[in-house]
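Next come the chains, spelled out residue by residue.
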Amino acid sequence: MSFSGVLGFFSVRPLNPVGDDGRMALGDHLREFRGRLVRCVTVLVVLFAVSLFFYEALLDVVLAPYNDAREALGESTETQAYVKGATGPLLLQLKLCGVAALVVASPFWLYQLWAFIMPGLHDSEKKWTRLFAAIAGPLFFVGVATGYYVLPKGLEVLIGFTPDGLENLVEFGEYFSFLTRMLLVFGISFEIPLFVIMLNLAGVVTGKQLGRYRAWIILGTFIFAAVATPSTDPFSMIMLALPMLVLFLVAEVIARWVDRARGKRRPATGTDRWDDDAVSDL
């Protein structure tokens, strides 16, 4: 295969004319999907190779919450991390570097996903998706940072249940899976209020409805935090629930502001003047 043929796998340009509404031929859609997928895989492979050189630093970052928890426990509880099996160290290195590459490359592959969907959206939808993409990424990383901050306390509580006279052995593969789930739960949970705002912009929910069910939202948030946190300790639950409640209140304020702005732009005529729960004379 020639060099130009190899470069063709990375191309996302359509070979046929594109319509004014963004419509493309099926072959061009598949060609674009292939090109963006090849780009994402290439970036992941390169970052994976680079992360192999920073394996020791990545390992220190991952083990830091466990070491902090072990230091906080002191001599009251004996605990030790270990790697299981002859192939365990190799699998540990591959898994850790793979996850690091996936996280570092997330802005790139998220953009490729958004760029693939964007041509089929209307102008107003493109505007809101740009806003969503600009806020969703930083908000997700804030959630991950919060989960990383509370993780040592959660590990301290869980390992602290070890009976006297016994040593707690933490298998690194299970610990790494636990850490990944913990950080993902916090990161995704911080996106839920943003999703509520998007529902309000789409006209599915209103600010009044959010205020009417505020008490149930608070109760549901604490229940969700208790079920979602893998550590099951009350400290992690509270640290997840409180920021979510603050974000929900901010979402309600924004939703009410959007409703007022929408009402000013559109006069209340016909059925628009009636509240969603108002009783009709009929």
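Here the structure is a predicted model, which is why all the values come from computation and not from measurement.

**What to know about the overall build of the protein**
- Of regular secondary structure, the protein possesses eleven helices and two strands.
- Helices (α) and strands (β) of the protein occur, in sequence order from the N terminus, as α-α-α-β-α-α-α-β-α-α-α-α-α.
- For the protein, buried positions account for 29% of its 282 residues.
- Residue pairs at least 24 apart in sequence account for 80% of intrachain contacts in the protein once pairs closer than 6 positions are excluded.
- For the protein, the exposed area adds up to about 17700 Å²; of that, 69% sits on carbon and sulfur atoms.

**Re the nonpolar core**
- Counting 38 residues, the largest nonpolar core has Val 62, Leu 155, Phe 172, Tyr 175 and Leu 240 as the members making the most contacts within it.
- For this core, the secondary structure elements donating two or more residues are α3 (55-73), α4 (88-104), α6 (123-159), α7 (172-189), α8 (192-201), α10 (214-228) and α11 (234-265).
- If you tally residues by element for this core, the top one is α7, at nine residues.
- Apart from the residues within four sequence positions on either side, Val 62 is in contact with Leu 96, Phe 172, Tyr 175, Phe 176 and Leu 179.

**Concerning a nonpolar patch on the surface**
- A cluster of nonpolar side chains, Val 46, Val 50, Leu 52, Phe 53 and Phe 54, forms an exposed patch at the surface whose accessible area comes to about 510 Å².
- With respect to the helices and strands, the residue Leu 52 is situated in helix α2 (residues 26-53).

**Structural notes on the environment of Ile 197**
- Following the sequence through the fold, Ile 197 ends up in helix α8.
- Measuring from C-alpha to C-alpha, the distance between Ile 197 and Ile 254 comes to 7.3 Å, with 57 residues separating the pair along the chain.
- Residues in contact with Ile 197, not counting those within four places in the same chain, are Ala 251 and Ile 254.

**Section: the pattern of salt bridges**
- On inspection of all chains with the given rule, the structure shows three salt bridges.
- Its salt-bridge partner being Arg 214, residue Glu 252 comes within 2.5 Å of it at the nearest N-O pair. Of the two residues, Glu 252 sits in helix α11 while Arg 214 sits in helix α10, which places them 38 residues apart along the sequence.
- What makes Glu 252 buried here is its relative accessible area of 6%.
- Residue classification places Arg 214 among the partly exposed positions, given a relative accessible area of 34%.
- With its nearest N and O atoms 3.3 Å apart, the salt bridge here joins Glu 252 to Arg 256. You can see Glu 252 and its partner Arg 256 sitting in helix α11, four residues apart, about one turn around the helix.
- For Arg 256, a relative accessible area of 30% gives the class partly exposed.
- Connected through salt bridges with shared partners, the residues Arg 214, Glu 252 and Arg 256 form a single ionic network.

**Digging into the confidence of the model for the protein**
- Taken as a whole, the protein shows an average pLDDT of 78; of its residues, 77% reach a score of 70 or greater.
- Element-level mean pLDDT values for the protein span from 51 in helix α1 (residues 3-8) up to 91 in α3.
- Of the regions scoring below 50 in pLDDT, residues 268-274 engages in three contacts with residues more than four places distant in sequence or in other chains.

**What about the side chain of Thr 77?**
- If you trace the backbone, Thr 77 turns up in the loop between α3 and β1 (78-82).
- For Thr 77, a relative accessible area of 7% puts it in the buried group.
- Beyond its immediate stretch of four places on either side in the chain, Thr 77 contacts Ile 159, Gly 160 and Thr 162.

**Some thoughts on α4**
- Counted at 1.5 Å a residue, the expected span for α4 with its 17 residues is 24 Å, and the 24 Å between its end C-alpha atoms agrees.
- Regarding α4, the residues found buried are Gly 88, Leu 92, Leu 96, Cys 97, Ala 100 and Ala 101.

**Some remarks on the packing of α3 against α4**
- Their axes nearest at 10 Å, the elements α3 and α4 cross at an angle of 85 degrees. Judged by the angle between their axes, α3 and α4 are roughly perpendicular. Listed contacts from α4 to Tyr 55, Leu 58, Leu 59 and Val 62 of α3 are Leu 92, Gln 93, Leu 96, Cys 97 and Ala 100.
- Among the residues forming the contact of α3 with α4, the class breakdown is eight nonpolar, one polar and no charged.

Thresholds, definitions, all that
Residues numbered from 1 in each chain as written. Predicted model: local features only at pLDDT ≥ 70, side-chain atom pairs only at ≥ 80, totals over all residues. Heavy atoms only, no water. Helix = DSSP H or I, 4+ residues; strand = E, 2+ residues; numbered from the N terminus. Buried < 20%, exposed > 50% of the residue type's maximum accessible area, 1.4 Å probe, protein only. Contact = heavy atoms within 4.5 Å. Areas by Shrake-Rupley, 256 points an atom, 1.4 Å probe, with all protein chains shown as cover. Core = buried A, V, L, I, M, F, W, Y, C linked by side-chain atoms within 4.5 Å. Patch = residues over 30% accessible without salt bridge, like charges linked within 9 Å, V, L, I, M, F, W, Y side chains within 5 Å. Salt bridge = Lys/Arg side-chain N within 4 Å of Asp/Glu carboxyl O. pLDDT = per-residue confidence, 0-100. Expected span 1.5 Å × (residues − 1). Axes fitted to C-alpha atoms, helices over the stretch in contact; angles between N-to-C directions. Parallel < 35°, antiparallel > 145°, perpendicular 65-115°, else oblique. Nonpolar A, V, L, I, M, F, W, Y, C, P; charged D, E, K, R; others polar.

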